Amino acid sequence: MDETRILQKAIDQWGEDAQFKMVLEEMSELQKEICKRWRGKDNRDAIAEETADVEIMLDQLKRMLGIQEKVQAYRKKKLARLQERLEE
């Protein structure tokens, strides 16, 4: 399975505007499942599924905007900052 090809095909088939909206929809579904967990529901499988959906859509978002490298640089910087805070 070539993830890059699949992600690009989805963008090409449904268009960037639809995929931007789908990013928000998938994040909302994950948020809903997290809220259910706060209320005591054992929904790890649902959270795992929605997390996978969000990760796929974030990969498309990064691809559409051409920000993969910038995201990676910010991620590295923020993880270093988090490490510093944890060591304080």
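Let me begin by describing the structure that accompanies this report. (Residues numbered from 1 in each chain as written. Predicted model: local features only at pLDDT ≥ 70, side-chain atom pairs only at ≥ 80, totals over all residues. Heavy atoms only, no water.)

1. Section: the overall build of the protein chain
Within the protein chain, the regular secondary structure consists of four helices and zero strands. In the protein chain, the succession of α and β elements from N to C terminus is α-α-α-α. Here the C-alpha atoms of the protein chain give a radius of gyration of 16 Å, more than 25% beyond the 12 Å that 2.2 N^0.38 yields for 88 residues. Counting only C-alpha atoms, the protein chain reaches 45 × 35 × 25 Å along its principal axes. Among the 88 residues that make up the protein chain, the fraction classed as buried is 18%. In the protein chain, of all internal contacts separated by at least 6 residues, the share reaching a separation of at least 24 is 61%. Only carbon and sulfur atoms are counted for the fraction: they give 52% of the accessible area of the protein chain, which is about 7300 Å². Of the side chains in the protein chain, 18 bear a positive and 20 a negative charge, and the two mean positions are spaced by 4 Å. (Helix = DSSP H or I, 4+ residues; strand = E, 2+ residues; numbered from the N terminus. Rg over C-alpha atoms; globule rule 2.2 N^0.38 Å. Buried < 20%, exposed > 50% of the residue type's maximum accessible area, 1.4 Å probe, protein only. Contact = heavy atoms within 4.5 Å. Areas by Shrake-Rupley, 256 points an atom, 1.4 Å probe, with all protein chains shown as cover. Lys, Arg positive; Asp, Glu negative; His and termini not counted. Charge placed at Lys NZ, Arg CZ, Asp CG, Glu CD.)

2. A look at the side chain of E50
Structurally, E50 can be placed in helix α3 (residues 44-65). No salt bridge is formed by the buried E50. Its closest oppositely charged neighbour is K32, at 6.3 Å. (Salt bridge = Lys/Arg side-chain N within 4 Å of Asp/Glu carboxyl O.)

3. Description of the side chain of Q60
Position of Q60 among the secondary structure elements: in helix α3. Excluding residues within four positions of it along the chain, Q60 makes contact with L7, A10, I11 and Q19.

4. A word on the nonpolar core
Of all hydrophobic cores here, the largest spans five residues; its members are I11, V23, M57, L61 and M64. When residues in this core are grouped by element, the largest group, three residues, is from α3. Among residues more than four places away in sequence, those in contact with M57 are Q19, M22, V23 and E26. (Core = buried A, V, L, I, M, F, W, Y, C linked by side-chain atoms within 4.5 Å.)

5. A look at a nonpolar patch on the surface
Nonpolar side chains collect at one region of the surface, where L24, M27 and L58 lie side by side and expose about 260 Å² of accessible area between them. Within the secondary structure, M27 is located in helix α2 (residues 16-38). (Patch = residues over 30% accessible without salt bridge, like charges linked within 9 Å, V, L, I, M, F, W, Y side chains within 5 Å.)

6. A short note on the packing of helix α1 (residues 3-14) against α3
Contact pair α1 / α3: the axes reach a minimum separation of 10 Å and the direction vectors enclose 75 degrees. Judged by the angle between their axes, α1 and α3 are roughly perpendicular. Facing α1, whose interface residues are T4, L7, Q8, A10 and I11, α3 presents I56, D59, Q60, R63 and M64. Class assignment for the residues of the contact of α1 with α3 results in five nonpolar, three polar and two charged. (Axes fitted to C-alpha atoms, helices over the stretch in contact; angles between N-to-C directions. Parallel < 35°, antiparallel > 145°, perpendicular 65-115°, else oblique. Nonpolar A, V, L, I, M, F, W, Y, C, P; charged D, E, K, R; others polar.)

7. Looking at α2
Given a rise of 1.5 Å per residue, 23 residues ought to cover 33 Å, and the 33 Å separating the end C-alpha atoms of α2 matches this to within 8%. For α2, the complete set of buried residues consists of Q19, V23, E26, L30 and E33. Tucked into the core, α2 has its buried residues touching α1 and α3. Positive backbone phi, at 105 degrees, marks G40, one or two positions downstream of α2. (Expected span 1.5 Å × (residues − 1).)

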